Amino acid sequence: MENEYSSRLGYRLLLAITALVITFLIAPLAILVIQSFTAESYLSFPPPSYGLRWYANVLTSADWQDSAALSLLLACIVTPCSLAIGTMAAFGLNRGPLKGRQALYALMISPMVLPHIVLGLGIFRIALELNISDSMLAFVPAHLTITIPFVIITVGASLQSFDISMEEAAQSLGASRFGAVWHVTLPIIRPGLIAGAIFSFIISFDEFIITFFLATYSRTLPLEMFSTLMFQVKPSIAAVSSLTLAVTAGLTAILMFRGQVAGESGIIK
Amino acid sequence: MTEANENFRAWWLLSPTLLLYSLTFLLPVCLLVVMSFAKFENSVTSFGFYLDNYRKVFGDGITILIFWRTVKLSIYITVACVLLGFPVAMVMRRASPRGRLWLLFFIVSPLLTSIIVRNVAWVLILGRSGIINDTLREWGLIAAPLPLMYNTFGVVLAVVHVYLSFMVLPIYGALQAINPSTEEAAASLGASPLRVFWFVTLPQSLPGLAAGCTLVFILSMGVYLTPVIMGGNFVLTLPMLITDVVRNQYNWPAASAMSLMLLAAIGAMVLASTAVRRFGRQG
Amino acid sequence: MSDVEIQSAVKKYGRFTAVDSLDLTVGGGEFVTLLGPSGCGKTTTLRMVGGFVRPTSGRIRISDIDVTDKPPQKRKVGFVFQNYALFPHMDVARNVGFGLRMANCEKSLREQRVSEALSMVRMDHLADRMPSQLSGGQQQRVALARALIVQPSVLLLDEPFGALDKQLRDHMRVELRDLQKSLGISTLFVTHDQDEALSMSDRIVVMSEGKAAQLGSPSEIYESPNSRFVAEFMGHSNIFDCLVEDVSEGLTRISIKGASIFARSPGARKGSTMTAMIRPENIEFAESTPGPDSSAIAASVAGKEYLGSIVQVSLELEAGFSLVARQTNSESATTRRLETGQNVAVRIPPEAVRLL
Ligand SMILES: Nc1ncnc2c1ncn2[C@@H]1O[C@H](COP(=O)(O)OP(=O)(O)O)[C@@H](O)[C@H]1O
Ligand SMILES: [Mg+2]
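What you are looking at is a predicted structure, and each value in this text was computed from that prediction instead of being measured. Position labels on residues start from 1 in each chain and follow its written sequence. By the order in which they are written, chains take letters starting at A while ligands take numbers starting at 1. Whole-chain, interface and lining totals are the exception, using all residues; otherwise, since this is a predicted model, local features are given only for residues with pLDDT of at least 70 and side-chain atom pairs are given and counted only at 80 or more. Calculation of side-chain values draws on the structure's entire complement of heavy atoms; hydrogens and water are dropped beforehand.

### Concerning the overall build of chain C
Along its length, chain C carries eight helices and 20 strands. Going through the 356 residues of chain C one by one, you find that 52% of them count as buried. Between two residues, a contact is recorded if the distance between any of their heavy atoms is within 4.5 Å. For chain C, restricting intrachain contacts to residue pairs at least 6 apart in sequence, the fraction spanning at least 24 positions comes to 64%. The protein chains shown are the only cover counted for residues, whose accessible areas, like all others here, come from Shrake-Rupley with a 1.4 Å probe. Accessible surface computed for chain C: about 15,900 Å², of which carbon and sulfur atoms make up 47%. Within this scheme the basic residues Lys and Arg register as positive and the acidic residues Asp and Glu register as negative, but His and the chain ends are omitted. The atoms used to mark charge sites are NZ of Lys, CZ of Arg, CG of Asp and CD of Glu. Between the centroid of the 41 positive side chains of chain C and the centroid of its 42 negative side chains there is a distance of 7 Å. Secondary structure elements follow DSSP: runs of H or I of four or more residues count as helices, runs of E of two or more count as strands, with numbering from the N terminus. Burial classes follow relative accessibility: with a 1.4 Å probe on protein chains only, a residue under 20% of its type's maximum area counts as buried, one over 50% as exposed, and anything between as partly exposed.

### A closer look at the side chain of Thr87(A)
Take Thr87(A): it is sitting in helix α3 (residues 62-95). Thr87(A) has contacts with Ser82(A), Val151(A), Val155(A) and Leu193(A), leaving out every residue within four places of it along the chain.

### Points about the interface of chain B and chain A
Listed per partner, the contact involves 86 residues of chain B and 81 residues of chain A. Accessible area, probed at 1.4 Å, shrinks when two parts are joined; the buried area is that loss added up over both. Taking both partners together, chain B and chain A bury about 7,900 Å²; carbon and sulfur atoms supply 81% of that area. By definition here, a salt bridge exists when the distance from a side-chain nitrogen of Lys or Arg to a carboxyl oxygen of Asp or Glu is within 4 Å. Inspection of the region where chain B meets chain A yields zero salt bridges. Two N or O atoms count as a polar contact when they lie within 3.5 Å, although within protein this holds only if one can serve as hydrogen donor and the other as acceptor, and sequence-adjacent residues are included solely when both atoms are side-chain atoms. At the junction of chain B with chain A, the criterion picks out seven residue pairs in polar contact (both at pLDDT 80 or more). Sorting elements by how many residues they give to the side of chain B that touches chain A places helix α1 (residues 3-36) of chain B first, with 24 residues. Three categories are distinguished: nonpolar for Ala, Val, Leu, Ile, Met, Phe, Trp, Tyr, Cys and Pro, charged for Asp, Glu, Lys and Arg, and polar for the others, with Gly belonging to the last. Tallied by class, the residues present in the side of chain B that touches chain A amount to 67 nonpolar, eleven polar and eight charged.

### Looking at the site of ligand 1
Residue and element names in this part refer to chain C. If a single non-hydrogen atom of a residue is within 4 Å of a molecule or strand, that residue counts as near it. Residues in contact with ligand 1, as listed here, are Tyr13, Phe16, Ala18, Pro37, Ser38, Gly39, Cys40, Gly41, Lys42, Thr43 and Thr44. Contact distances for ligand 1 include 2.5 Å between an oxygen atom and a side-chain N or O atom of threonine 44. Considered on its own, ligand 1 offers 560 Å² of accessible surface; in the complex 59% of this is hidden by protein. Those elements that place two or more of their residues in the shell around ligand 1 are β2 (16-26) and α1 (42-50). Sort the elements by how many residues they give to the shell around ligand 1 and α1 lands first, with three residues. For the shell around ligand 1, the class distribution of residues is five nonpolar, five polar and one charged.

### Digging into the pairing of strand β19 (residues 343-347) of chain C
Across a regular strand the side chains alternate sides, sitting on one face of the sheet and then on the other. Residues and elements named next belong to chain C. Pairing between strands is defined by DSSP: at least two bridges between them are needed. Sheet topology note: the strand β15 (residues 284-285)/β19 ladder contains two bridges and is antiparallel. Bridge pairing links glutamate 284 to arginine 347 in β19. Bridge analysis of strand β16 (residues 297-306) against β19 gives four bridges, and the strand direction is antiparallel. Bridge pairing links serine 300 to asparagine 343 in β19.

### Here we look at the sheet that holds strand β1 (residues 4-13) of chain C
Residues and elements named next belong to chain C. Pairing in this open sheet of four strands is antiparallel, and the strands run β2-β1-β4-β5 from one edge to the other. At either end of the open sheet lies a strand with only one pairing partner, and these are β2 and β5 (65-66). Note that β1 and β2 share seven bridges and pair antiparallel. The partner of isoleucine 6 across the bridge, within β2, is leucine 24. Packing of α1 onto the sheet brings it into contact with β1, β2 and β4 (57-62), and relative to β1 it is tilted by some 120 degrees. Structural elements are reduced to axes, namely lines fitted to C-alpha atoms, with helices fitted over the stretch in contact, and the angle between N-to-C directions of any two is expressed from 0 to 180 degrees.

### Some words on the sheet that holds strand β14 (residues 273-278) of chain C
Residues and elements named next belong to chain C. The strand order across the open sheet formed by five strands is β13-β12-β11-β14-β20, and the pairing between neighbours is antiparallel. Among the strands making up the open sheet, the edge pair consists of β13 (259-263) and β20 (353-355). Neighbour-to-neighbour, the strand axes of the sheet open up by a mean angle of 45 degrees, direction not taken into account. Relative to β13, strand β12 (residues 251-256) runs antiparallel, the two being bridged by five bridges. If you follow threonine 252 over to β13, its bridge partner there is alanine 263.

### Details of the confidence of the model for chain C
Confidence scores here are pLDDT values: one per residue, from the predictor, ranging 0 to 100. Residues of chain C with pLDDT of at least 70 account for 97%, and the chain-wide mean is 88. Scored by ipTM, the complex comes to 0.84, with pTM at 0.79.

### Considerations on a nonpolar patch on the surface
There is a patch of nonpolar side chains on the surface, built from Ile34(A), Phe45(A) and Tyr50(A) and spanning about 270 Å² of accessible area. Looking at the element boundaries, Tyr50(A) is found in the loop between α1 (8-36) and α2 (53-60). Patch criteria: residues need more than 30% relative accessible area and no salt bridge. Like-charged residues are merged within 9 Å; nonpolar side chains of Val, Leu, Ile, Met, Phe, Trp and Tyr are merged within 5 Å.

### Looking at the side chain of Gln140(C)
All names here are of chain C. One can find glutamine 140 in helix α4 (residues 136-148). In this structure glutamine 140 comes out as buried when scored by relative accessible area, which is 2%. For glutamine 140, the contacting residues outside a window of four places in its chain are Val80, Tyr84, Pro160, Phe161, Leu164 and Met172.

### Concerning the packing of α3(A) against helix α9 (residues 190-206) of chain A
All names here are of chain A. Taken N-terminus to C-terminus, the directions of α3 and α9 make an angle of 140 degrees; their axes are 8 Å apart at the nearest point. When the axes of α3 and α9 are compared, the pair comes out oblique. In terms of crossing hand, the pair formed by α3 and α9 is right-handed. Only Leu193, Gly196, Ala197, Ser200, Phe201, Ser204 and Phe205 of α9 make contact with α3, whose side of the interface consists of Ser71, Leu72, Leu74, Ala75, Cys76, Val78, Thr79, Ser82, Leu83 and Thr87. The cut-offs work like this: below 35 degrees is roughly parallel, past 145 is roughly antiparallel, 65 to 115 is roughly perpendicular, and the gaps in between are oblique. For a crossing to be left-handed, the near helix must be turned anticlockwise from the far one by less than a right angle; the clockwise case is right-handed.

### Topic: the nonpolar core
Membership of the largest hydrophobic core comes to 156 residues, with the highest contact counts inside it found for Leu214(A) and Met230(B). Each domain span listed reflects an automatic or database assignment of domains. For this core, the domains that each give at least three residues are domain 1 (1-36) and domain 2 (52-282) of chain B. Contacts of Met230(B), omitting those with residues within four sequence positions, involve Asn119(B), Trp122(B), Val123(B), Leu126(B), Met149(B), Tyr150(B), Asn151(B), Gly154(B), Val155(B) and Ala158(B). Buried Ala, Val, Leu, Ile, Met, Phe, Trp, Tyr and Cys residues that are joined via side-chain atoms within 4.5 Å together make up what is termed a nonpolar core.

Right under this line is the structure:
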């Protein structure tokens with residue numbers, strides 16, 4: 001109810017719940033970041049003294065360096081591939097006079113709803129058969145499988161609101177079909193492309209369970225964090241978490257400031 | 001441009017994805033189905049059509065128990081997400097454009113924050129020597145630490161934290177699509193605000209609610225990391241069991257059968273949600 | 001007895017005033033139209049009566065009861081929204097029955113009244129359709145039935161025909177007006193379409209920038225607009241600034257850009273500047289060139305527009321302004337024979353000129 005006579009009490013209650021939920025979502029992360037700046041050798045809140053000790057520790061540790069490098073490398077390979085393949089698929093779904101487009105779309109985004117544990121199990125088995133399980137040859141396709149649906153959704157949503165007559169206009173002005181897409185369509189749907197790229201990067205960077213199955217000796221950052229966490233909760237884990245948070249928060253901020261909040265990027269649907 | 005030509009172009013554009021999926025998604029799933037009917041004896045897998053695995057999964061008493069626990073856990077998580085998420089979506093809808101952007105930021109940003117980082121945050125808060133237990137002990141309110149983690153409560157809390165966005169966004173999307181005039185029409189026909197919500201707003205938001213519930217339920221059924229971190233071995237779920245059976249016992253056939261059990265539960269949820277959506281359309 | 005009374009209602013959005021101390025009384029089953037250009041505050045006014053917008057100041061009374069502080073559900077008004085706002089998840093019968101359900105009306109009685117209401121709008125055969133399966137006109141009728149079933153003291157309609165095509169719109173006009181008359185329900189209607197307002201209303205309020213510019217019967221509004229704004233909005237084409245040169249024996253001599261014209265319009269003061277409105281259909285055509293002593297004015301034909309039942313000619317006067325003349329398209333109409341560029345003499349009878 002949006003009229004000016006609607007119940008104040010009911011709305012206040014909703015506001016209170018919302019405030020609580022926001023606190024619930026944000027507070028743990030804020031506490032985590034604060035704790036990561038402790039100068040002690042143990043975690044407590046609020047920390048008795050502050051310092052960058054654990055950041056220094058983490059940034060100079062070979063284990064953390066290696067795993068972060070692997071995760072970054074992986075995400076940097078996955079993101080452009082995911083964007084290219086996913087965008088092609090989104091165009092194919094949007095433009096083709098295909099029968100059963102709906103079913104095809106459902107198939108294309110279904111890795112999203114398939115539990116990753118099942119996906120991971122299956123991919124692990126195939127990788128074992130091909131003898132590539134602990135390598136980029138397995139990691140990259142596995143990550144692509146879960147990132148591409150996000151690109152298809154974000155780019156697909158942009159394409160849906162894109163007025164195709166603009167592309168036709170470009171063609172009538174002499175652009176080739178590909179030229180029209182390159183010079184007109186892609187720049188206009190750029191927000192969707194950016195959203196797709198950011199989702200791909202973050203999902204790959206954060207992926208755990210599939211890599212967990214595949215990796216024997218390789219350690220991505222989430223795997224390293226997991227094994228550290230299982231062993232002992234040390235301040236170093238808070239520092240690594242905060243650094244990871246900074247990377248993803250930075251990318252999220254780009255997503256928001258580009259006006260590409262969930263609504264327009266199609267994630268709501 | 002002929003239609004055949006267009007068709008060819010579309011398939012060409014889709015081909016990289018289809019090729020990838022067939023290797024990393026379709027083939028693996030088929031393989032799991034085949035393996036679930038294989039036999040596993042003395043660490044040797046022999047293919048064929050045996051029902052041993054399913055007999056074991058349904059008959060050993062333990063697997064089915066863990067399955068139902070996973071379902072129950074997922075239901076708790078889904079219900080908690082609805083109770084927390086619906087009010088937020090309602091506030092988002094009524095907020096000023098600026099306020100809405102902020103709320104959206106708070107809701108979307110967790111979606112983009114590392115899951116393991118968020119779990120770490122909860123460990124620091126709920127753990128035996130986490131903030132809450134430390135503080136309470138310092139104040140002398142408790143002698144021994146409260147069991148806030150390594151139980152259902154801790155798992156539900158942390159998973160809700162991870163998946164709440166997946167509930168809020170579809171509900172918000174559905175609420176946005178509601179024509180506010182329908183609510184005004186109801187009010188001018190004598191409906192009190194509560195009845196407007198019940199008879200007009202809620203039914204129209206059912207598609208979003210169903211989508212959110214489906215998404216959260218499915219994700220919760222398959223979640224591995226958070227229960228392991230927050231529940232340890234005290235809250236054993238089906239994904240944990242599957243992982244254990246594969247990684248430690250190399251019993252692929254049993255794990256495959258359990259995976260299909262998981263998929264069946266998810267399929268059932270999708271069907272139920274489709275039914276709800278159809279009901280929502282027809283009134 | 002009045003069904004709706006708007007007493008110096010004001011609505012401000014921040015520093016912007018959407019409705020500016022508007023007064024209006026509607027009662028006795030009359031049909032009153034709020035007419036004005038887009039953004040002039042019609043919808044805001046209607047929504048204040050409906051209870052969706054709270055006036056910044058002023059009072060709203062319905063059936064002689066002050067409802068300013070009451071929410072919509074306590075007002076007993078029938079509101080028909082621009083986009084109909086049918087409940088998409090309920091079929092036609094449940095949409096129409098909603099108000100009775102809210103009034104906790106017993107089921108059998110409810111069903112009976114729903115079928116009565118539906119047959120009133122000739123929709124009884126579609127009672128179990130969903131709104132998405134109805135055409136625009138059918139949705140319109142359902143919205144009307146839904147608003148009327150609770151027997152509201154006033155019917156409020158916000159541009160209800162905006163989404164319909166022209167033919168259906170003309171048809172629905174008649175249908176709504178007949179229904180409204182037979183029920184004798186006081187109605188406040190919002191539109192930006194002059195034809196719609198003129199053909200349907202008992203009284204019209206022309207609004208401009210949140211204020212009532214003029215209130216009157218359709219013929220008053222059309223024939224005697226009280227301001228240049230109203231005249232222009234009602235579609236008059238010949239509107240000019242003029243100087244009153246002489247006032248005598250009921251006849252006023254005015255000058256438009258130096259051309260002297262007589263007007264039979266009382267209340268002018270010599271030497272004042274006024275607005276003159278010349279009705280296009282009263283302009284006469286004289287012999288091809290005016291003699292020195294005739295009252296005719298020399299002009300040339302600048303353009304001719306054939307509009308079916310009428311022919312419209314734009315004339316360029318020697319004095320340096322243009323004038324539109326209109327004649328019904330009969331065999332004898334002079335305008336039929338005129339060619340672009342041709343020189344003609346026109347006569348403007350005093351009755352054709354109105355001073356505002
Ligand atoms: N909720 C609002 N907030 C700010 N301005 C508004 C609001 N509602 C209406 N207005 C402004 O008030 C003016 C009148 O609006 P409205 O009554 O809808 O006009 P009409 O129905 O005559 O086209 C418009 O300029 C509009 O922009
Ligand atoms: Mg309006």
